[in-house]
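Observations on the model geometry
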Amino acid sequence: MDSNFHIWTLTPTNVYKTLITTPQGISEAEANLRLKQSGYNELPEPQTRPLILRFTDQLTHFMALLLWVAGILAFISQTPELGWAIWAVIWINAIFSFWQEYQAEKALSALKKILPSQAKVYRDGKLSIIAARELVSGDVMQLEEGDKISADARIIQSQSLYVDVSVLTGESLPVPRISEPVTAANIHASEASNLVFAGSTVAAGRGLAVVYATGTHTEFGQVAHLTAHVKREASTLEVQISRVVHIITIIALSMGVVIFLLTKLLVGMQLKESFIFAIGIIVAFVPEGLLPTVSLALAIGVKRMAKQNALVRRLSAVETLSAVTVICTDKTGTLTKNEMTVRQLWIPNTNINVTGVGYEPKGKVEIITEELRTTEAQRTRRNEVRLMLAGAALCSNARLNHPPNSHQWQVLGDPTEGALLVAAIKAGLKLEELQQQAPRVREIPFDSHRRMMTVLLQGNLQLDDRENSQYLIFTKGSTLDVLQHSRYLWHSGEKRELTETQREEVVTANDQLASQGYRVLGVATRHGGAELNNLDDNLLEQDLTFLGLVAMIDPARPEVADAIALCHRAGIQVTMITGDYGLTAAAIAQRIGLANGKPRIITGEQLGHLSDTQLRQILHKHKTGLVFARVMPEQKLRLVEAYKTLGHVVAVTGDGVNDAPALRAANIGIAMGISGTDVAREAADIVLIDDNFATIVAAVEQGRSVYQNIRKFMTYILASNMAEFLPFLAMVFLKIPPALVILQILAIDLGTDMLPALALGAEKPEAGSMELPPRKKSQPLLDLPLLLRAYCFLGLLEGLAGMGGFFFVWWTNGYNMTQLQALSASILSHSANAATMAIYHQATTMTLAVIVACQDGNVFACRSERFSILRLGFFTNRLIWAGIAVEWFLILSIIYSPTLQKIFSTAALKPSYLLILLICPPLILIADELRKRIISGT
């Protein structure tokens, strides 16, 4: 924008002229032309850490540094082939880890495009929803509470409009925005009270604004530090994995030192040989394949959640989901369909049915009462109904839209207001004519504290027998709040003083409808002269005349009942927190199985009188069936904090701008993708693309699956580490040659083991995983049961089987233990004759092959910590079979390729030896099956 051009000083009329637009916006053709000229309304992508530096990170983490040192020591020990092999391990691991992390980031970036930022603008005179990146100068935007503003714009109309500009100015509180010109020209644009800026959000009220700057020309785009890259904090899972690596590395170093001392002192090895074997032990215990496998497991989990309509915005959420113990959920749109339909109306002494379902304006309004014996009475009742529905519709900001080539009607705006529009049309009202008869002059927007919305209209609707008036007020909202502001009752075409008996009748009618699951709104009116236009907002909503009740229903989602039952079986509490009326919420809660019997209802007012101790007692006592109704946003935050104080891991849903604090405070914040505001989505860890509660439960199941999969492949990897360690232990205590050489260890860790481990990371959720209670958040990933199973059971069996294969080769060649011990020194010093060395190479090859074969049984054993493979099935994860196929291609190449034989010190095995390998997989699998049966007691 030209520096000499101060748009805040112009009147709305001059703003339209200057930006070459109209109150009806610009045409679609003109918008496309301006888009070509100015480009998309977006900023350049923020600078990220260069790829080369991100790759070097994979070469310098704790585990990689350890291997660098091991390689250097190998060179010092004059074994360059070992040094190069260890360094090759570092590079292979770095390349694979970097690729997986890069792919995971690309997947997250692609998923974010599923929910692009949107804006409501007038194009060709019609309100449309477009991608925010398509905004151009001259677009007329409609702003409502919760909207994220995507371009700099000049306010043209405002009704109690407050904007959060903290991202630009640091203001901690929302600031008011007006439509009148600001006369001061020598101020900065951010100081003008009639401008809104890209990056800010609408905290309250509504308004219209004309875009004057987009993309890099906005105030947001000109502040360089706002686009700086923010370093992501390590997630709890990354912290846990780092802890695992440190623990295992300490074990590896300790074992390396022990082996070095034992081989030097007990076996009498030369310093060089002791050094080499110590390095071998360290390499054997370091889980080189762990980090890339974790990256893959997370990436798979994120993609699977996306397919189930859960967009993960922070990877830490994947792991935290597995520990969720409480879900605090909204009612409307999450547990219900968010397809409001007015089904019943109430005016004094009369109930009215409304037929038709959904937003298609087909159906009719039927008065059902036996009191109407005259045509005059019928006409009076019909006019009362039409007046109430006209008032409810005019006190709404939603719009009905029927897209071309579609059978479905859509609501632009609040679904509740959409239902009111449809009901008015069914009653025969023509909304456009009503808006012309009484155009809107002023609006007091709905807020969560007043629970009402009011409009001031100029004119008369001529729908009743009242005298003509200059101004007309309509108020809709919570029945009890509207009733509290009402002094009169419209009954039989007359305004009468509202008696206590009549107030009780209204409350009784409201409660009867609410107990059937209806959402009930009260509607009131007021008319008068010019003095109404001079009243402030508080006085304008006083002395109202109560018209009646509008009852609408939002049916429960059919899949929610099963999802809640699954939560209960999984040990997860589900608490409903809603701004709706208590009886309405209770009826829905019973319908979907949230409560076994009668739910415990606590209103926002009652909650306000509870101390923190009393609240915690209630939350602790009531594990199911808790419903918090008429709750303020700040009370939602208090509930989340109370649950966390009790030690719960809390997931909370939210869609409004005022839900952001609760979403941030929760362990898992879940925002609505359809009905949610931009502010709520930005504060959340997960966004539900379909706004469906069942999707939350599916995401929890995936979170549990990811956590379990990491434990599965950790068990698999650590088991082979123990099998690789045992030959060196046997060398020390049995005084025999080592049954494995170091390069053969590396062949297992980064060759044959890698793909089966990755296949375990891709396991689908186990059947019955949601029948178990949530894991404790404090439970470490690498706990004692996992270590005992990996090292002391599966790994020990594999190691013993490997040593058995080693001894078997010597035995078939005529050597016993004593003779083998006698040959040990000459084999270690490479001074034994060629025949002996050939047998030794064949024996170590047999050990290698046996461990690899045992890992084939181990990969099936690790598919579950609890269930038999017979229950899971051998072919339900076909990636495992692909991994095994690649594994055997590699091991057979190492055994029979002359080139690889020289590198890995292997020798060709006899066919009879290969037959023995067939025994190994079932040996490990059957042993673990017996262990599972003993533990389960079956």
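What you see is a predicted model; the values in this text were computed from it and never measured. (Residues numbered from 1 in each chain as written. Predicted model: local features only at pLDDT ≥ 70, side-chain atom pairs only at ≥ 80, totals over all residues. Heavy atoms only, no water.)

A look at the overall build of the protein
Counting secondary structure elements, the protein contains 35 helices and 27 strands. Across the 938 residues of the protein, 56% fall into the buried class. (Helix = DSSP H or I, 4+ residues; strand = E, 2+ residues; numbered from the N terminus. Buried < 20%, exposed > 50% of the residue type's maximum accessible area, 1.4 Å probe, protein only.)

Focus on the pattern of salt bridges
Throughout the structure, instances matching the rule amount to 30 salt bridges. For Arg519, the salt bridge identified is with Asp580, shortest N-O distance 3.8 Å. Residue Arg519 is located in strand β20 (residues 519-528), and its partner Asp580 is located in the loop between β22 (573-577) and α19 (582-591); the two are separated by 61 residues in the primary sequence. For Arg519, a relative accessible area of 25% corresponds to the partly exposed category. The network of salt bridges with common partners includes Lys120, Glu144, Asp147, Arg206, Arg440 and Glu443. (Salt bridge = Lys/Arg side-chain N within 4 Å of Asp/Glu carboxyl O.)

Considering the pairing of strand β18 (residues 486-491)
Within a regular strand, side chains alternate between the sheet's two faces. Taking burial as the measure, the six residues of β18 include five buried ones, the bulk of the element. In this sheet, strand β21 (residues 544-553) lies alongside β18 in parallel orientation, the contact comprising three bridges. Pairing of Leu489 across the sheet is with Phe546, part of β21. Alignment of β18 against strand β19 (residues 494-497), held across four bridges, turns out to be antiparallel. Bridging across to β19, Trp490 finds its partner in Lys495. (Pairing = 2+ DSSP bridges.)

Some thoughts on the packing of aromatic side chains
Applying the stated criterion to the full structure yields eleven aromatic pairs. Seen in terms of ring centroids, Phe806 and Phe807 are 5.8 Å apart; in terms of plane orientation they differ by 65°. Their pairing is edge-to-face. A relative accessible area of 25% places Phe807 in the partly exposed class. Ring plane angle 75° and centroid distance 5.8 Å describe the contact between Phe808 and Tyr913, whose orientation is recorded as edge-to-face. One end of the pair, Phe808, is in helix α28 (residues 784-812); the other, Tyr913, is in helix α34 (residues 911-917), and 105 residues separate them in sequence. Counting every residue linked through ring pairs, the aromatic cluster contains Phe806, Phe807, Trp810 and Tyr815. Its guanidinium or amino end placed over the ring of Tyr707, Arg775 lies 4.1 Å from that ring's centre, counting from NZ or CZ. The residue whose ring lies beneath Arg931 is Phe793, and the NZ or CZ to ring-centre distance is 6.0 Å. (Phe/Tyr/Trp six-rings, centres within 6.5 Å; stacked < 30°, edge-to-face > 60°. Lys NZ or Arg CZ within 6 Å of the ring centre and 35° of its normal.)

Comments concerning helix α3 (residues 51-60)
For α3, every residue scored as buried is listed here: Arg54, Phe55, Gln58 and Leu59. Summarising the axial view, the buried residues of α3 lie within an arc of 160°, below the 170-degree limit, and thus occupy one face. (Arc of directions from axis to C-beta.)

Some words on the sheet that holds strand β27 (residues 686-688)
The strand order β8-β27-β26-β25-β9-β22-β24-β23 describes an open sheet built from eight strands, whose pairing is mixed. Either end of the sheet is taken by a strand with one partner, and the two such strands are β8 (310-312) and β23 (600-603). Averaged over neighbouring strand pairs, the angle between their axes works out to 20° when direction is ignored. Note that β8 and β27 share three bridges and pair antiparallel. Across the sheet, residue Ala310 finds its bridge partner in β27, namely Leu688. Here helix α21 (residues 612-621) sits on the sheet and contacts β22, β23 and β24 (626-629); the angle it forms with β24, its principal contact strand, is near 140°. Each of β9 (326-329), β22, β24 and β25 (650-654) touches helix α22 (residues 633-645); the most contacted strand, β25, lies at about 170° to it. (Axes fitted to C-alpha atoms, helices over the stretch in contact; angles between N-to-C directions. Contact = heavy atoms within 4.5 Å.)

Some remarks on the pairing of strand β11 (residues 350-354)
In β11, alternate side chains face the same way, and those of Thr350, Ile352 and Val354 are buried while those of Asn351 and Asn353 on the opposite face are not. The hairpin turn running from strand β10 (residues 341-347) into β11, its antiparallel successor, is two residues long, and Asn349 in that turn takes a positive phi close to 70°.

Quick word on the confidence of the model for the protein
The predicted model of the protein has a mean per-residue pLDDT of 83, with 88% of residues at 70 or higher. Contacts from residues 224-234, a stretch scored under 50 in pLDDT, to residues over four places away or in other chains number ten contacts. (pLDDT = per-residue confidence, 0-100.)

Some words on the nonpolar core
Grouped together as the largest cluster of nonpolar side chains are 145 residues, with contacts concentrated most on Phe693, Ile710, Phe713, Phe806 and Trp810. Looking at which element gives the most residues to this core, the answer is helix α25 (residues 693-734), with 21 residues. Discounting chain neighbours no more than four positions away, the residues touching Phe693 are Ile327, Thr329, Thr334, Leu335, Val560, Ala563, Ile564, Cys567 and Val574. Of all hydrophobic cores here, the second largest spans 39 residues; its members include Val342, Leu345, Leu521 and Val523. (Core = buried A, V, L, I, M, F, W, Y, C linked by side-chain atoms within 4.5 Å.)

Considerations on the environment of Leu513
Checked against the element boundaries, Leu513 lands in helix α16 (residues 500-515). Taking the relative accessible area as the measure of exposure, Leu513 reaches 8% and is therefore buried. Sequence separation of Leu513 and Leu549 is 36 residues, and the distance between their C-alpha atoms is 9.5 Å. Not counting residues within four places of it along the chain, the set of residues in contact with Leu513 comprises Gln344, Tyr518, Val520, Leu549 and Ala551.

Here's the deal with the packing of α21 against α22
The N-to-C vectors of α21 and α22 enclose an angle of 70°; their axes lie 10 Å apart at closest approach. Comparing their axes, α22 and α21 come out roughly perpendicular. Counted together, Asp612, Leu615, Arg616 and Leu619 of α21 and Arg638, Leu639, Ala642, Tyr643 and Thr645 of α22 form the full contact between these two elements. Residues that form the contact of α21 with α22 fall into these classes: five nonpolar, one polar and three charged. (Parallel < 35°, antiparallel > 145°, perpendicular 65-115°, else oblique. Nonpolar A, V, L, I, M, F, W, Y, C, P; charged D, E, K, R; others polar.)

Topic: the environment of Arg638
For Arg638, the location among the structural elements is in helix α22. Along the backbone, Arg638 and Ala665 are 27 residues apart, and their C-alpha atoms lie at a distance of 9.6 Å.

Thoughts on the environment of Gly215
Within the element layout of this structure, Gly215 appears in the loop between β7 (201-213) and α7 (219-222). Assessed through its relative accessible area of 7%, Gly215 is described here as buried. Linking Gly215 and Ser150, residues 65 residues apart in sequence, is a C-alpha distance of 8.8 Å. For Gly215, the residues in contact, after removing those within four places along its chain, are Asn41, Glu42, Leu43 and Gly221.

Some points on unusual backbone geometry
Positioned with a positive phi, Asp124 is a non-glycine residue whose angle comes to about 55°. Along the polypeptide, Asp124 turns up in the loop between β1 (118-123) and β2 (126-131). On the basis of relative accessible area, Asp124 is assigned to the exposed category, the value being 51%. Within the chain, Ser492 stands out as a residue other than glycine whose phi angle is a positive 55°. Looking at the secondary structure, you find Ser492 in the loop between β18 and β19.

Regarding a nonpolar patch on the surface
A contiguous nonpolar surface patch, about 670 Å² in accessible area, is contributed by Val257, Leu261, Leu265, Leu266, Phe733, Leu734 and Met817. Counting residues per element, the ones that place at least two in the nonpolar patch are α8 (236-265) and α25. Looking at which element gives the most residues to the nonpolar patch, the answer is α8, with three residues. The topology assignment puts Leu261 in helix α8. For Leu261, a relative accessible area of 43% translates into the label partly exposed. (Patch = residues over 30% accessible without salt bridge, like charges linked within 9 Å, V, L, I, M, F, W, Y side chains within 5 Å. Areas by Shrake-Rupley, 256 points an atom, 1.4 Å probe, with all protein chains shown as cover.)

Some thoughts on the side chain of Asn709
Mapped onto the fold, Asn709 is located in helix α25. The class for Asn709 is buried, based on a relative accessible area of 2%. Polar contacts involving the side chain of Asn709 include one to the main-chain carbonyl oxygen of Gly761, which spans 3.3 Å. A polar contact of 2.8 Å, which involves the side chain of Asn709, links it to the backbone oxygen of Glu763. Each residue touching Asn709, except ones within four places of it in the same chain, is listed here: Leu760, Gly761, Ala762 and Glu763. (Polar contact = N/O pair within 3.5 Å; in protein donor to acceptor, adjacent residues only side chain to side chain.)

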